[in-house]
Amino acid sequence: MAEAAQGGFTTATDLADYLVRKGLPFREAHAVVGSVVRVCLDRGCGLADLSLAEYQEVCDRIGADVFDAITVEGSLAARDIPGGTAPTQVRAAIAAARARLEQDRSALA
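Residues numbered from 1 in each chain as written. Predicted model: local features only at pLDDT ≥ 70, side-chain atom pairs only at ≥ 80, totals over all residues. Heavy atoms only, no water.

J.: Outline the overall build of the protein, supporting the account with residue identities and numerical values.
T.: A count of helices and strands for the protein gives seven helices and zero strands. For the protein, the α and β elements follow one another from N to C terminus as α-α-α-α-α-α-α. Taking 109 residues into account, the globule formula puts the C-alpha radius of gyration at 13 Å, and the protein, at 19 Å, lies well above it. On the principal axes, the C-alpha backbone points of the protein span a range of 65 × 30 × 20 Å. Split into buried and exposed, the 109 residues of the protein put 28% on the buried side. Expressed as a percentage of contacts within the protein between residues at least 6 apart in sequence, the contacts between residues at least 24 apart total 43%. As displayed, the protein has an accessible area near 7000 Å², and 57% of this comes from carbon and sulfur atoms. Averaging the positions of the 11 positive and the 15 negative side-chain charges in the protein gives two centres separated by 6 Å. (Helix = DSSP H or I, 4+ residues; strand = E, 2+ residues; numbered from the N terminus. Rg over C-alpha atoms; globule rule 2.2 N^0.38 Å. Buried < 20%, exposed > 50% of the residue type's maximum accessible area, 1.4 Å probe, protein only. Contact = heavy atoms within 4.5 Å. Areas by Shrake-Rupley, 256 points an atom, 1.4 Å probe, with all protein chains shown as cover. Lys, Arg positive; Asp, Glu negative; His and termini not counted. Charge placed at Lys NZ, Arg CZ, Asp CG, Glu CD.)

Here you go:
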């Protein structure tokens, strides 16, 4: 599943979020991501396959830390809010669901 999740452009939004954190307005970040995806499509590769130099040809604000932002793990971790996909949030949701199940079981007994 992890391998399939990395394929294609599943982390393109994370690239846009990365650029926003670097100070680029979202509309410009969106355009940059479109340009990066176009490069990938032309070369038959994914986001993680481009070199830093190739990224910087599109946007000079992109640094080596981009590779952490466009991993599936980085994508999940970036959503560390209630209901988000970060591992801590998923564990909390599982714990809450288990507690509710236990309460329901106790109520039925």
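Text resumes after the structure shown.
J.: So what's going on with the nonpolar core? Which residues, and what values?
T.: Counting 22 residues, the largest nonpolar core has Leu 15, Leu 19, Val 36, Leu 47 and Tyr 55 as its most contacted members. Put simply, the parts of the chain that give this core at least two residues each are α2 (12-21), α3 (26-43) and α5 (66-69). For this core, the element with the highest residue contribution is α3, accounting for seven residues. (Core = buried A, V, L, I, M, F, W, Y, C linked by side-chain atoms within 4.5 Å.)

J.: Go over the side chain of Asp 14, please, and point to the residues and values.
T.: Position of Asp 14 relative to the elements: it lies in helix α2. The class for Asp 14 is buried, based on a relative accessible area of 4%. Discounting residues that sit within four places of it in the chain, Asp 14 has contacts with Ala 69, Ser 75 and Arg 79.

J.: So what's going on with the packing of α2 against α3? Which residues, and what values?
T.: In a pair of packed helices, the angle between the axes and the distance between the axes together describe the arrangement. Look at α2 against α3: their axes get within 9 Å of each other, and the N-to-C directions meet at 135°. By the angle between their axes, α2 is oblique relative to α3. Seen along the crossing, α2 lies across α3 with a hand that is right-handed. From α2, Ala 12, Leu 15, Ala 16, Leu 19 and Val 20 reach across to α3, where they touch Phe 26, Ala 29, Val 32, Val 33 and Val 36. When its residues are assigned to classes, the contact of α2 with α3 shows 10 nonpolar, no polar and no charged. (Axes fitted to C-alpha atoms, helices over the stretch in contact; angles between N-to-C directions. Parallel < 35°, antiparallel > 145°, perpendicular 65-115°, else oblique. Left-handed = near helix turned anticlockwise from the far one by under 90°. Nonpolar A, V, L, I, M, F, W, Y, C, P; charged D, E, K, R; others polar.)

J.: Could you give an account of α3, with specific residues and numbers?
T.: Given a rise of 1.5 Å per residue, 18 residues ought to cover 26 Å, and the 25 Å separating the end C-alpha atoms of α3 matches this to within 8%. Looking only at α3, the buried set comprises Ala 29, Val 32, Val 33, Val 36, Val 37, Val 39 and Cys 40. Down the axis of α3, the buried set is contained in an arc of 155°. They therefore lie on one face. Of the exposed residues in α3, the ones pointing more than 90 degrees away from its buried face are Arg 27, His 30 and Asp 42. Elements that come into contact with the buried residues of α3 comprise α2 and α4 (52-58). Within two residues after α3, Gly 44 carries a phi angle of roughly 65°, on the positive side. (Expected span 1.5 Å × (residues − 1). Arc of directions from axis to C-beta.)

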